[in-house]
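Summary of the model geometry
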Amino acid sequence: MKYLGLPLSVSRLKRIHFQPLEDKVAAKLVPWVGKHVTMAGRSCLVKSVLTSVVTYFIAVLDVPIEVLAKIDSLRRAYLWAACDKVTGGKCKVNWDLVCKPKDKGGLGILNLKKFATALRLRWLWQEWKNEDKPWVGLGSPCTTKDHDLFAAATTVIVGDGEKVLFWEASWLDGMRPKDVAPLIFEISRKKKCSVLCALHNDFWVSQINTQNGLSLEHLEQFYKLWEKLVNVSLHPQRPDAISWKLTNDGLYSAKSAYNMQFLGLTTSLMPPLVWKPWATPKCKFFAWLVLQNRVWTADRLARRGWPNCGLCKLCNQRLESAAHLLFKCRFSIRIWNKLKLWLGLHQIDTALWQQFHSVKEWWKKAIHKKGPHRKALASLTMLVSWELWKERNARVFRGHSVTVDMMVTKIKNEARLWCFAGAKALSSLIFCE
Ligand SMILES: [Zn+2]
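1. Focus: the domain arrangement of the chain
Split by domain assignment, the chain resolves into domain 1 (2-92), domain 2 (120-258) and domain 3 (270-432). A separation of 35 Å is found between the C-alpha centroids of domain 1 and domain 3. In this complex, domain 1 contributes 5 residues to the contact, which on the side of domain 3 involves 6 residues. Of the residues that constitute the side of domain 1 that touches domain 3, the class distribution is 2 nonpolar, 2 polar and 1 charged.

2. Observations regarding the nonpolar core
Note that soluble globular proteins tend to have their nonpolar side chains buried in a common cluster. Grouped together as the largest cluster of nonpolar side chains are 50 residues, with contacts concentrated most on Val54, Ile58, Val63, Ile71, Leu112, Leu121 and Trp171. Among the secondary structure elements, those contributing two or more residues to this core are helix H1 (19-29), helix H2 (39-60), helix H3 (65-81), helix H5 (112-129), helix H6 (144-153), helix H8 (182-186), helix H9 (195-199) and strand S4 (241-244). Counting contributing residues per domain, this core is built from domain 1 (2-92) and domain 2 (120-258), each supplying no fewer than three. If you look at the next biggest cluster of nonpolar residues, it comprises 46 residues, including Leu273, Leu314, Trp362 and Leu377.

3. Some words on unusual backbone geometry
Backbone phi values are negative for most residues with the exception of glycine, while trans is the configuration of most peptide bonds. With phi around 50 degrees, Asp202 is a residue other than glycine that occupies positive phi space. Positive phi, close to 55 degrees, is recorded for Asn293, a residue that is not glycine. Take Asn293: it is sitting in the loop between helix H14 (281-291) and helix H15 (298-303).

4. With respect to the packing of helix H17 (residues 330-343) against helix H20 (residues 404-421)
Packed helix pairs are characterised by how far apart their axes lie and by the angle those axes make with each other. Orientation of H17 relative to H20, taken along the N-to-C sense of each, is 50 degrees, at an axis distance of 10 Å. Taken together, the axis directions place H17 and H20 in an arrangement best described as oblique. At the point where H17 passes H20, the crossing takes the right-handed sense. Here H17 contributes Phe331, Arg334, Ile335, Lys338, Leu339 and Trp342 to the contact with H20, which in turn contributes Val404, Met407, Val408, Ile411 and Lys412. For the contact of H17 with H20, the residue count by class is 8 nonpolar, no polar and 3 charged.

5. Concerning the pairing of S4
Across the two faces of S4 the burial differs, with Ile242 and Trp244 buried and Ala241 and Ser243 not buried at all. When strand S3 (residues 154-157) meets S4, the two strands line up antiparallel, connected through 4 bridges. Counted as the bridge partner of Ile157 is Ala241 from S4.

6. Digging into H17
Here H17 spans 20 Å end to end across 14 residues, near enough to the 20 Å set by a 1.5 Å rise per residue. The set of residues buried in H17 consists of Phe331, Ser332, Ile335, Trp336 and Leu343. One side of H17 holds all its buried residues, which, seen down the axis, span an arc of 135 degrees. For H17, the elements touching its buried residues are helix H16 (322-328), helix H19 (374-398), H20 and helix H21 (424-432). Gly344 lies just past H17 and shows a positive phi near 65 degrees.

How each quantity is defined
- Residues numbered from 1 in each chain as written.
- Predicted model: local features only at pLDDT ≥ 70, side-chain atom pairs only at ≥ 80, totals over all residues.
- Domains from an automatic or database assignment.
- Contact = placed C-beta atoms within 7 Å.
- Nonpolar A, V, L, I, M, F, W, Y, C, P; charged D, E, K, R; others polar.
- Core = buried A, V, L, I, M, F, W, Y, C linked by C-beta atoms within 7 Å.
- Buried ≥ 20, exposed ≤ 12 C-beta atoms within 10 Å, placed from the backbone.
- Helix = DSSP H or I, 4+ residues; strand = E, 2+ residues; numbered from the N terminus.
- Axes fitted to C-alpha atoms, helices over the stretch in contact; angles between N-to-C directions.
- Parallel < 35°, antiparallel > 145°, perpendicular 65-115°, else oblique.
- Left-handed = near helix turned anticlockwise from the far one by under 90°.
- Pairing = 2+ DSSP bridges.
- Expected span 1.5 Å × (residues − 1).
- Arc of directions from axis to C-beta.

See below:
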């Protein structure tokens, strides 16, 4: 049975109830399947179409984990292989990392499980804020973990104490009594009473079940909670209030609830290196991959025992690796030297580049240095890297090659087009020279 497009059942919803959702996502792929969309374009379609089909369901229902996994496998297959099935070799980056926010090193595709949690927290927020909604009191699709997250994200200010749940809300110095004294919470009988009710004649104490005896830990936790409660005074004139800790205005937002689940992860350098400077999306996507050493260069293919081109096709002297292609190869260095002369980029010293071991190290230490034209240089690096990769592919797969001068001319023309398209930092560098 369906209601407002959602499966409806008196028992717990099973995977079979969500088959129409899986089919709907799979059906979106049919007209897109093929190799004519770039990876950057595909990531855009995954973000804006495949993910949004699911949003309506996950906001309302606790969708089984297997359904989310199936939808994830469709999203992953389309992103990496433009079809509905994919093998491990084609997935260049771990899916967990792909689904992290950009400032944590990911691609910013939504992590469905975490996004579902963030959306479900809205129910708990609405229960507080809009008591007159007809569904309030009928329960919500929230799990215990959702309640824990909600408590961590909110501060409850007790007024008359009528609404705040004594054990469950984070009202005691920003903590929940059940976290202050978990053992006492376990042996308490009435767990859903309000602060007003619990504090009246120390009702909460009378509810502690002491039949099985109390250990030293029980007593310690009891006194700890008791001490905190001694100073609590209710304000009968003022209603209870709640505030969301993660936004400036103190109100719930799905975005903050989603990002909260990534707190504690280290911040990535990708935004200043890749996402913020101006570049075409496909160049940014390539830069994101190559900075993690995830493009299929000969060294990586050889490690897996797969067929590869061996020596670098640009110079035919060294084993091909991402680092060699982009900044160690004499072909690439000649291009960079010519661009340096063209734009007067004195801060670039290609002679020092051989000391860097990875693309990431080179990009961080040689390109992303403090100084003038930092953003312009980031754009230019993405452009040059992309053109070098295309030239490499032309030589490996099609046997076509161009000279250094032709490459430089091509890069200059492309850079000018980027300026017209909106690359402000790059245009101030190019047109000032
Ligand atoms: Zn080379």
